[in-house]
Each structure stands twice: as C-alpha cells, then as structure tokens.
Amino acid sequence: MTAESEAGLRADARRNRDQILAAAKERFAAQGPDVPMEEIARAAGVGVGTLYRRFPDREALIRAVARDNFGNALAEARTAVAEEATAWQALVRFLRQSQELRLTVQLAMASPLARTILQDDLEADELRRAMIEVLDGVVHAAQAEGTLRTDIDTGDVAMMFVLLVRQLPVSFEEAARLAPERCMTLMLDGLRAQPGTDLPGRPLTGADLGL
C-alpha cells in the first residue's frame, strides 16, 4: 500500500469518526444517551460495523462525546477570554454559547451510565478541571473589574449553569424552546454587580467543585 493510499484511509477513518460523533451529539441531545446505536449509524451515514470499529460499545461512544465536548467547551472559554474586552463580556459569551458543555451536563444529569463514565474517566476529568480553572479566573477578574457581584464565587456560577440546562419534559415543548435564553438573561442580571438581596450561606468556590 502506498503512502498516499494509507493517508486516504486515515482521512476516511477521521471523517467517519467525526460524522459519528456529530450524529451521536445530535441524537443524545434529542433522545438521550440510550438511543439505539443503529440509529446513530444511520444519522452519521455509516454502517453499523463502521460505528463499532470506531467505538466498540456505547460506553466508548459516550466517553468520546464527553471528551470532545469538554475539549470544545474549554477552547470556547479560552477564546472568549482572549477575544473579549472585559472579563464580564467573556463570561457572558461563554455561558451563552457553550452548547457543547450544555450537552455534557444534560448527559450526566439524565443518564446514570453517562454520569458513571464521566466520574471514572481521567481525561474528561482533566478537561473539566481545566475548564473550571478558566472559569475561576474569569469570575475573579470580573469581580476585580467591578462588573460581577462579590458575594458569589465560581461554584455559584457553575451550579447556576447546571440547573439552567436541565431538560424540560417534551410535553412542555414551547416552554423548553423559550426558557433557556430567558432564564440565561435572568441569571446574568442576577450575577451583575448591583445592590441586591443578600444571599444565604457562603459563596461556592472551585474547591466545592473538586478543583
């Protein structure tokens, strides 16, 4: 086999893998991680055999989706920090645009299997910790610039995001469509530095999230 043909095979394998991951993300978001593997293969435009050559079982596929999502979310967060003029703008951009992170959180909340996989996967955990470190820096920078209220910490922002992305039952289709952006706006308004209601308890820090 020539070097050119070997390169072509590698490119085909990468393309198949990317198509499978994209289809899995779409199907997981719509139906949860228990969707039949055959349906994911059809959505990806590949045979079931090709899917299982890339991902030998459902756990491997969920793990790959989670790692890819965490990696993309981390890149989004770092790009927001690098490109936005203020820490507050970087925080808003990341929270509003991180669809990859939303799916991973939804998977972990909706599926005991996905939750177990994420808890036991060292690579996914390293990416999660790196993302929390970036978020921690953005939160404290926004507080230092006077745009984010000072009686909260990174854990508060992360937990609000987790609660916000919880999926609503399909019977509330219209509410599920409208709620995310409305609730995100309400959440961001609540995070702004301004006179407001005193919060009970203490700020939740990165250490509360296992950082």
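Calculation notes
Residues numbered from 1 in each chain as written. Predicted model: local features only at pLDDT ≥ 70, side-chain atom pairs only at ≥ 80, totals over all residues. Heavy atoms only, no water. Axes fitted to C-alpha atoms, helices over the stretch in contact; angles between N-to-C directions. Helix = DSSP H or I, 4+ residues; strand = E, 2+ residues; numbered from the N terminus. Parallel < 35°, antiparallel > 145°, perpendicular 65-115°, else oblique. Left-handed = near helix turned anticlockwise from the far one by under 90°. Contact = heavy atoms within 4.5 Å. Nonpolar A, V, L, I, M, F, W, Y, C, P; charged D, E, K, R; others polar. 1 Å grid on protein atoms, 1.4 Å probe; cavity = no way out; pocket = protein on both sides within 12 Å on 5 of 7 lines; lining within 4 Å. Points joined across faces, edges and corners; volume = space filled by probe spheres on them. Polar contact = N/O pair within 3.5 Å; in protein donor to acceptor, adjacent residues only side chain to side chain. pLDDT = per-residue confidence, 0-100. Salt bridge = Lys/Arg side-chain N within 4 Å of Asp/Glu carboxyl O.

Further remarks concern the packing of helix 4 (residues 58-83) against helix 8 (residues 122-144). The geometry of helix 4 relative to helix 8 is characterised by a closest axis approach of 9 Å and an angle of 20° between their N-to-C directions. By the angle class used here, helix 4 and helix 8 are roughly parallel. Between helix 4 and helix 8 the crossing geometry is left-handed. Residues Arg-67, Phe-70, Gly-71, Ala-73, Leu-74, Ala-77, Arg-78 and Val-81 of helix 4 pack against Glu-123, Ala-124, Leu-127, Arg-128, Ala-130, Met-131, Val-134 and Val-138 of helix 8. A class-by-class count of the residues in the contact of helix 4 with helix 8 yields eleven nonpolar, one polar and four charged.

Let us look at the packing of helix 4 against helix 6 (residues 99-110). Between helix 4 and helix 6, whose axes approach to 8 Å, the crossing angle comes to 140°. Like other packed secondary-structure pairs, helix 4 and helix 6 cross with a definite hand, here left-handed. Contacts between helix 4 and helix 6 pair Val-65, Ala-66, Asn-69, Phe-70, Asn-72, Ala-73 and Glu-76 from the former with Gln-99, Glu-100, Leu-101, Leu-103, Thr-104 and Leu-107 from the latter. Among the residues forming the contact of helix 4 with helix 6, the class breakdown is seven nonpolar, four polar and two charged.

What follows covers empty space enclosed by the protein. Tallied over the entire structure, the rule returns one cavity of 30 Å³ or more. Roughly 50 Å³ of internal volume is contained in the largest cavity. Forming the boundary of the largest cavity are Ala-77, Ala-80, Val-81, Ala-90, Leu-91, Phe-94, Val-134, Leu-135 and Val-138. At the level of secondary structure, the elements contributing two or more residues to the lining of the largest cavity comprise helix 4, helix 5 (87-97) and helix 8. Across the lining of the largest cavity, the residue classes tally to nine nonpolar, no polar and no charged.

When you line up the elements, Arg-149 lands in the loop between helix 8 and helix 9 (154-164). A polar atom in the side chain of Arg-149 sits 3.0 Å from the backbone oxygen of Gly-190. For Arg-149, the contacting residues outside a window of four places in its chain are Gln-143, Gly-190, Leu-191, Arg-192, Ala-193, Thr-197 and Leu-199.

This part is about the side chain of Ser-98. Following the sequence through the fold, Ser-98 ends up in the loop between helix 5 and helix 6. Among the polar contacts made by the side chain of Ser-98, one reaches the side chain of Glu-76 at a distance of 3.5 Å. Aside from chain neighbours lying at most four places away, what touches Ser-98 is Ala-73, Glu-76 and Phe-161.

Confidence in the prediction of the protein chain, expressed as mean pLDDT, is 85, and 90% of residues score 70 or more. Confidence, read as mean pLDDT per element, is least for helix 6 in the protein chain (78) and greatest for helix 2 (residues 37-44) (95). Note that pLDDT drops below 50 for residues 1-6; the model gives that stretch two contacts with residues more than four away or on any other chain.

Mapped onto the elements, Ala-82 comes out in helix 4. The sequence separation of Ala-82 and Gly-146 amounts to 64 residues, and the corresponding C-alpha distance is 19 Å.

All told, the structure shown has 13 salt bridges when counted by the stated rule. Overlapping salt bridges, with partners in common, bring together Arg-63, Arg-67, Asp-121 and Glu-123 in one network.

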